[in-house]
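Coordinate inspection notes
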Amino acid sequence: MLKAFAGSRPLLWLVLALPGLWIAGRWTFTPDLYGYGHAIGDSGDWAAWLLMATLAVTPLRLLLRRQSWTIWLMRRRRDIGVASFAYAALHTAIYLVRKGSPEFVLAELSSGYIVAGWAAFALFLPLALTSNDMSVRRMKRAWKRLHRLVYPAAILTFLHWVWSAFDPTTAWIHVGILAAIEIVRVALQRLQRVT
């Protein structure tokens with residue numbers, strides 16, 4: 001029974017929720033030390049990290065087919081992707097609360113990093129809403145086509161990060177990791193088609 005719980009969805013979601021609880025707790029109990037800048041930065045980081053983890057599942061599965069943990073990752077990939085969206089939604093909510101009014105939000109739409117962030121969020125929304133078994137069954141092949149939007153959404157997410165960072169070095173390192181994940185995925189998929 002303990003082994004079944006260790007591999008269960010509730011435990012995974014508890015683990016995925018921990019950074020959000022940490023962000024909320026620190027912002028609530030130590031607002032002077034952990035303010036808006038930390039909260040919006042950390043929520044954005046977690047959204048990007050979980051997005052990279054989601055995208056890394058396919059190349060890992062192609063490389064390590066026989067490993068049981070890669071099968072588990074494939075089965076839980078949608079959960080990790082939805083968690084990424086949840087942190088993106090938290091990131092967006094923190095931004096909206098800070099701005100306080102639609103006028104301030106609309107005034108910033110001339111900034112490239114804001115447009116990239118909203119565009120990424122708009123692309124992720126239908127992916128999050130259809131990341132359930134019922135949508136997979138009903139949409140069939142269209143589901144897979146729709147979920148290819150994750151790639152332009154990822155590009156926009158990382159553009160948003162690079163353009164909005166005070167020091168974009170960390171963001172560029174993550175862009176490099178994302179590029180490596182995608183290069184490996186494309187190479188392995190092409191190799192699989194040839195063999």
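Remember, predicted model here, so these are calculated numbers, not experimental data.

**Focus: the overall build of the protein**
Counting secondary structure elements, the protein contains ten helices and zero strands. Each helix and strand of the protein, ordered N terminal to C terminal, gives the series α-α-α-α-α-α-α-α-α-α. In summary, the protein has a C-alpha radius of gyration of 18 Å against a globular reference of 16 Å for 195 residues, a match within 12%. In terms of overall dimensions, the protein has a C-alpha envelope of 55 × 40 × 35 Å along the principal axes. In the protein, which comprises 195 residues, the share counted as buried stands at 36%. In the protein, the proportion of contacts linking residues at least 24 apart, taken out of those at least 6 apart, comes to 65%. As displayed, the protein offers around 12200 Å² of accessible surface, 68% of which is attributable to carbon and sulfur atoms.

**Considerations on the nonpolar core**
Generally speaking, soluble globular proteins have nonpolar side chains that are buried together. Counting residues in hydrophobic clusters, the biggest one holds 30 residues, and the most contacted among them are L50, L51, L55, F124, V150, F158 and L178. Broken down by secondary-structure element, the contributors of at least two residues to this core are α2 (9-29), α3 (36-63), α4 (68-99), α6 (112-129), α9 (150-164) and α10 (169-194). Setting aside chain neighbours within four positions, we find L50 in contact with L16, I80, A83, S84 and Y87.

**Some words on the environment of L149**
Tracing the backbone through its elements, the reader meets L149 in the loop between α8 (141-146) and α9. Overall, the relative accessible area of 27% leaves L149 in the partly exposed class. Sequence spacing of L149 and L127 is 22 residues, and the spatial spacing of their C-alpha atoms is 7.8 Å. If we ignore the near neighbours within four places in the chain, the residues touching L149 are L123 and L127.

**Observations concerning the layout of surface pockets**
Estimated volume of the largest pocket: approximately 950 Å³. Taken together, 34 residues make up the lining of the largest pocket; nearest its centre are I40, G41, H91, H160 and S164. Counting residues per element, the ones that place at least two in the lining of the largest pocket are α3, α4, α6, α9 and α10. Here the lining of the largest pocket takes nine residues from α3, the largest share from any one element. Its residues assigned to classes, the lining of the largest pocket comprises 18 nonpolar, twelve polar and four charged. Here the second largest pocket defines a volume of roughly 780 Å³. Lining the second largest pocket are 29 residues, with R77, W143, H147, V150 and Y151 sitting closest to its centre. Of all the secondary structure elements, the ones that give two or more residues to the lining of the second largest pocket are α3, α4, α6, α8, α9 and α10. Among the elements that take part in the lining of the second largest pocket, α4 stands out by supplying eight residues, more than any other.

What counts as what
- Residues numbered from 1 in each chain as written.
- Predicted model: local features only at pLDDT ≥ 70, side-chain atom pairs only at ≥ 80, totals over all residues.
- Heavy atoms only, no water.
- Helix = DSSP H or I, 4+ residues; strand = E, 2+ residues; numbered from the N terminus.
- Rg over C-alpha atoms; globule rule 2.2 N^0.38 Å.
- Buried < 20%, exposed > 50% of the residue type's maximum accessible area, 1.4 Å probe, protein only.
- Contact = heavy atoms within 4.5 Å.
- Areas by Shrake-Rupley, 256 points an atom, 1.4 Å probe, with all protein chains shown as cover.
- Core = buried A, V, L, I, M, F, W, Y, C linked by side-chain atoms within 4.5 Å.
- 1 Å grid on protein atoms, 1.4 Å probe; cavity = no way out; pocket = protein on both sides within 12 Å on 5 of 7 lines; lining within 4 Å.
- Points joined across faces, edges and corners; volume = space filled by probe spheres on them.
- Nonpolar A, V, L, I, M, F, W, Y, C, P; charged D, E, K, R; others polar.

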